[in-house]
Amino acid sequence: MKTHLPPFMSRPGPAALAAALVPALLLSGCNPPGASSSSSGKSGAPGSAAARTWVAPGEKDEYYLFYSGGHSGQVFVAGLPSMRHISTIPVFSPYPGTGYGFDEETKALLGDYAWGDVHHPALSQADGLYDGRWLFVNDNANNRVARIDLRDFKTRQILGPIPNSSGNHGSSFVTENTEYVLVASRFSVPLPKGRHADPADYEKEFNGMVSGIKVDPSDGTMSVGWQILTPPFNWDLGSTGKGPSSGWAFWTSYNSEMAHETLEATSTQGDRDYAAVVNWRAAGQAVRDGLATTLDGVPVIAPAKVPGVLYFLPVPKSPHGIDTDPSGRWIAASGKLQPVVSVFDFEKIKAAIDRKDFTGEVRGVPVIRYESVLEGEIPVGLGPLHTQYDGKGNAYTSLYIESAVAKWKLPPWTAEEKADLNKVILDKIDVHYNIGHLVVGGSDTKEPYGKYLVAMNKLSKGRHLSVGPAQPESSQLIDITGEKMEMLYEAFTEPEPHFAQILKADAIKPIEVYPKAGSAHPHAIWDAKDASITRRGNTVEVKMVAIRSRFIPDRIDVNEGDELVIHVTNVEQTTDMIHGLAIAEQNVNVIFDPGETKTLRLKIKKPGVFPFYCTNFCSALHQEMQGYLAVKPKS
Amino acid sequence: MIKTLFSRQYRFLRRPLGLASRLLLLAAAAALVGAVFLPLWKIHLVAPQYREGLALRIYAHKLVGGNGGQDLHEINTLNHYIGMKPLAQADFAEMTWLPFAFGVFGLLALRAAFIGRMQSLVDLGVLFVYFTAFSLGNFYLRLYNYGHQLDPRAPMTIEPFTPVMFGSQKIANFIQTSLPQSGALCLALVPVLVAAAMWCSRGETLPES
Ligand SMILES: [Cu+2]
């Protein structure tokens, strides 16, 4: 006869438990927290990399990661530490998934362009901290800046092409209180734009520009505040100041040689390139004082005539990043072609400016003496690109050529460290492969989160299931809480993250439906009985309701040659009750979130009967959510 | 014999009310006022995709959906699939007079508190119990009709049902829970307070004897 043990008897006894615990303790003893280890393997034991990145089903991540999507024209949203992709925010490119670029409002946002090149996202700030209102991104290709509202994660404004500015790479850098989004031109062109000049006359005819894009503090509306004319250097990356450097901003450049062809060789001849040191408060004041001239509708400052707004600072050859630390005193610039990071002391920069400690000038702009303001050159390794800070006195520099991240100690340094700056390099970790940018949450604020670093690598080289020759990019999550950096996880994205921002999840509380009460859309209708079809001449205007599981009206009659305008309101007020409207063979694909009203407009070019249907699976009878657009031929 | 019984009954009904009884009647009037403003009943629906649930609160004078009123729209949107009539406050004629009915009972309680005798308590108690039974019956009938008068052209055909009035039941993917709320408790308190008032004055002597 089989006997059943009471449940507690069938559990492992204390001896068995102890036996299981001992090896676990021994293992964890080998890996003190923060130690570089290979425990990122398959072990899910507490404290392992797997356990630290595990966000169980139904649980939520601790941080948002906003990646730029490069030439996809989008922003990707992932969670940290899971690295799970959560959402894609279309900005400069149509995105059928959310109907972006198909309705009249987003078509107008995109303007004449079907894509953009998103490089550097920047969160809005108040008093040097993220305030969770907006995310700004730049378009390197078409000279634009966009504002994403973090209330609903939607692109709300695209400004540009910015006059007199070309190749908007040196952007988006937000000032301490979001007074400005700062922008600098990567590609110089003859100004004003539209003017022809021979590229052989580059040095004479072409110009670069640094622009202050003013942000309306109430609603975030952007406009061009001022511009500063510069020589045709290729402005690259920048950052804004705070603390002692409050009111200032910095950009690196490559090609201070002002070459115009075979830049790979011609622009890499000098040992140094120039960084721009810009007093953006003085620039704003100069415009108010009437010291600017208008070019293409924008106030432009000639820096030779308005002293105090622009200085040049020599930095190591072909630099990329120039990053202000959370205190605002230390500025790290790295030259891709020299294996060092130059650390400048802003207090010395200020002193050098005050006592005119210049080595000369370029087109009337003073050049600050490098030796007077340099704190040290740190031999971090090969191909240093970009530096981030953890707020605990450490800096992290990406090493493109070495495929690594170097961790080093910010000043002040001891005499011994100063004598041999190799000593301030604290750690190095390999990444896979060829890291471009890296991000530490809040590095550009006064108080970085300092928990995770995400390495955005340019090459993934088959570290994933093979998908043929077009390969994704890889991003790697690194724990920076310990003395040693620790690789936790890697994820793959579509092309191509250039930079990212990390935001604490509880810093924002996005809405999940557009409240009926707050709807101000002039064409919104909330009741099926207000649905209508009105003809005015050759224009047929429809006010339509979308609700589970029908469109009202679900039949629209028009004539060939008519102009059809449909305003659709999704009257649902339930989270995730999204509907879409696709019209077969009419290139119509509009998606409406709960409570949203969108307008689509199309010219009816061919007779026939065209089914329309809901694209976004909404309910058990989603498939039945359909109707007909009947088009009578021209008689 | 019968005459004696009636005469004893008559003497009982003419008994005056003591202070404690009068205070209890004031409390009953207050409870009735409370019932006008507090929710009487709550219907709650929970399904896998509605984890926080959809709530519907029934007041004497209004129907209020949870989540800022949104849950009522949602319940109606869902109910249209089974052909249930949309729940609309306008269809509840009783919501126009129910607060007045409570008011009338409140006034009766006040009247009894100030000038009443035992017989006013009996009137109040009997009328109120009758009224409550009628209202609960009416409520049940409402629920029955909503669950049975289903549009035969609805997308989904389901067996007609009666939404549960007390407790929980499963309807398709939903668990429906229906329970009285603070307003209903106030109403339940009224007969208890009246009975207590009668009990307290059971020994009062007739003034003329
Ligand atoms: Cu739908």
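Each value, and the rule that gives it
Residues numbered from 1 in each chain as written. Chains lettered and ligands numbered in written order. Predicted model: local features only at pLDDT ≥ 70, side-chain atom pairs only at ≥ 80, totals over all residues. Heavy atoms only, no water. Helix = DSSP H or I, 4+ residues; strand = E, 2+ residues; numbered from the N terminus. Rg over C-alpha atoms; globule rule 2.2 N^0.38 Å. Buried < 20%, exposed > 50% of the residue type's maximum accessible area, 1.4 Å probe, protein only. Contact = heavy atoms within 4.5 Å. Arc of directions from axis to C-beta. Polar contact = N/O pair within 3.5 Å; in protein donor to acceptor, adjacent residues only side chain to side chain. Pairing = 2+ DSSP bridges. Axes fitted to C-alpha atoms, helices over the stretch in contact; angles between N-to-C directions. Salt bridge = Lys/Arg side-chain N within 4 Å of Asp/Glu carboxyl O. Donors = N, O, S within 2.8 Å, 3.2 Å for Na, K, Ca; no water. Tetrahedral: all angles 85-135°; square planar, octahedral: opposite > 155°, others 65-115°. Disulfide = S-S within 2.5 Å. pLDDT = per-residue confidence, 0-100. Buried area = accessible area lost by both parts, 1.4 Å probe. Phe/Tyr/Trp six-rings, centres within 6.5 Å; stacked < 30°, edge-to-face > 60°. Core = buried A, V, L, I, M, F, W, Y, C linked by side-chain atoms within 4.5 Å.

A. Representation of the overall build of chain B within the structure. Each helix and strand in chain B was counted, giving six helices and five strands. Each helix and strand of chain B, placed in order from N terminus to C terminus, yields the pattern α-α-β-β-β-α-α-α-β-β-α. Taking 17 Å as the expected radius of gyration for a compact globule of 209 residues, we find that chain B reaches 22 Å, considerably beyond that expectation. Counting only C-alpha atoms, chain B reaches 75 × 40 × 25 Å along its principal axes. Residues counted as buried form 42% of the 209 residues belonging to chain B. Within chain B, counting contacts between residues at least 6 apart in sequence, those at least 24 apart form 68% of the total.

B. Inspection of helix α8 (residues 346-354) of chain A at higher detail. Residues and elements named next belong to chain A. Inspection of α8 places Phe346, Ile349, Ala352 and Ile353 among the buried residues, and these make up the whole buried set. The buried residues of α8 occupy an angular sector of 115° when projected down its axis, which confines them to one face. Here α8 starts with a cap whose side-chain oxygen sits 2.9 Å from the backbone nitrogen of glutamate 347, and that cap is aspartate 345.

C. The arrangement of the sheet that holds strand β3 (residues 85-90) of chain A in detail. All names here are of chain A. A sheet is described by the order of its strands in space; here four strands give the open sequence β3-β2-β1-β33, paired in antiparallel fashion. Looking at which strands have only one partner, the edges of the open sheet turn out to be β3 and β33 (500-504). Neighbour to neighbour, the strand axes of the sheet diverge by 20° on average, direction disregarded. Bridging between strand β1 (residues 63-68) and strand β2 (residues 74-80) involves six bridges; their strand directions are antiparallel. Bridge pairing in β2 places tyrosine 64 opposite glycine 79.

D. Spatial organisation of the pattern of salt bridges. The tally for this structure, following the rule as stated, stands at 34 salt bridges over all chains. A salt bridge links Arg548(A) to Glu74(B), with the nearest nitrogen and oxygen atoms 2.7 Å apart. Here Glu74(B) lies in helix α3 (residues 70-79) and Arg548(A) lies in the loop between β35 (539-547) and β36 (550-552), a pairing that spans two chains. Ionic pairing is found between Glu563(A) and Arg601(A), a salt bridge with its closest N-O pair at 3.5 Å. Taken as a pair, Glu563(A) in strand β38 (residues 563-570) and Arg601(A) in strand β41 (residues 597-603) lie far apart in primary sequence, 38 residues in all. In this structure Glu563(A) comes out as partly exposed when scored by relative accessible area, which is 21%. Residues participating in the shared-partner salt-bridge network are Lys154(A), Asp593(A), Glu596(A) and Lys598(A).

E. Local environment of the side chain of Thr88(A). Structurally, the position occupied by Thr88(A) is in strand β3. Separated by 2.9 Å, the side chains of Thr88(A) and His85(A) make a polar contact.

F. Main features of the coordination of the copper ion. All names here are of chain A. Summarising the metal site, the copper ion is bound by the protein donors His579 (ND1), Cys614 (SG), Cys618 (SG) and Met625 (SD), whose distances to it range over 2.2 to 2.7 Å. Taken together, the four donor atoms coordinating the copper ion and their angles of 92 to 132° define a geometry best described as tetrahedral. Of note, the copper ion draws all its donor residues from one chain, in the sequence arrangement H-x34-C-x3-C-x6-M. Highlighted residues: cysteine 614 in the loop between β42 (608-613) and β43 (626-632) and methionine 625 in the loop between β42 and β43, separated in sequence by 11 residues.

G. Layout of the state of the cysteines. One pass over the full model with this rule turns up zero disulfides over all chains. Considering cysteine sulfurs only, Cys200(B) is the nearest to Cys186(B), which forms no disulfide, with 20 Å between them.

H. Layout of the side chain of Asn279(A). Residues and elements named next belong to chain A. Within the secondary structure, asparagine 279 is located in strand β15 (residues 272-279). Residue asparagine 279 is classed as buried on the basis of its relative accessible area, which comes to 15%. A polar atom in the side chain of asparagine 279 sits 3.3 Å from the backbone nitrogen of arginine 281. With sequence-adjacent residues up to four places away left out, asparagine 279 is seen in contact with Gly247, Trp248, Gly308 and Val309.

I. Molecular detail of the confidence of the model for chain A. Per-residue pLDDT for chain A averages 91, and the proportion of residues at 70 or more is 92%. Note on residues 1-41 of chain A: pLDDT under 50 across the span, and 15 contacts to partners over four residues away in sequence or across chains.

J. The interface of chain B and chain A, seen in detail. Taken residue by residue, the interface counts eight residues in chain B and nine residues in chain A. Across the interface of chain B and chain A, roughly 690 Å² is buried in total on both sides, 50% from carbon and sulfur atoms. Among the residues chain B hides against chain A, the three largest losses belong to Gln70(B), Thr77(B) and Tyr81(B). Together they make up 54% of the total. Run the count over chain B and chain A and you get one salt bridge. Counting across the interface, chain B meets chain A through five residue pairs in polar contact (both at pLDDT 80 or more). At four residues, the largest contribution of residues to the side of chain B that touches chain A is made by α3(B).

K. Here's a closer look at the confidence of the model for chain B. Of the residues in chain B, 98% have a pLDDT of 70 or more, and the chain-wide mean is 89. Across the interface, the model reports ipTM at 0.73; the global pTM reads 0.86.

L. Here's a closer look at the packing of aromatic side chains. A complete count under the given rule lists 29 aromatic pairs over all chains for this structure. Pairing Tyr64(A) with Phe153(A) gives two aromatic rings, centres 5.7 Å apart and planes at 50°, and the pair type is tilted. Taken together, the positions of Tyr64(A) in strand β1 and Phe153(A) in the loop between β6 (144-149) and β7 (154-159) put the pair 89 residues apart, joining distant regions of the chain. There is no split in this pair, since Tyr64(A) and Phe153(A) are both buried. Pairing Phe128(B) with Phe131(B) gives two aromatic rings, centres 6.3 Å apart and planes at 45°, and the pair type is tilted.

M. Looking closely at the nonpolar core. Residue and element names in this part refer to chain A. Counting residues in each nonpolar core, the largest one holds 29 residues, and the members touching the most others are Leu182, Trp226, Ile228, Trp251, Ile301, Leu310 and Phe312. Not counting the four nearest positions on each side in its chain, leucine 310 is found in contact with Ile228, Leu229, Thr230, Ala276, Val277, Val278, Pro303, Val365 and Pro366. Phe102, Ala546, Leu564 and Leu600 belong to the second largest nonpolar core, which has 27 residues in total.

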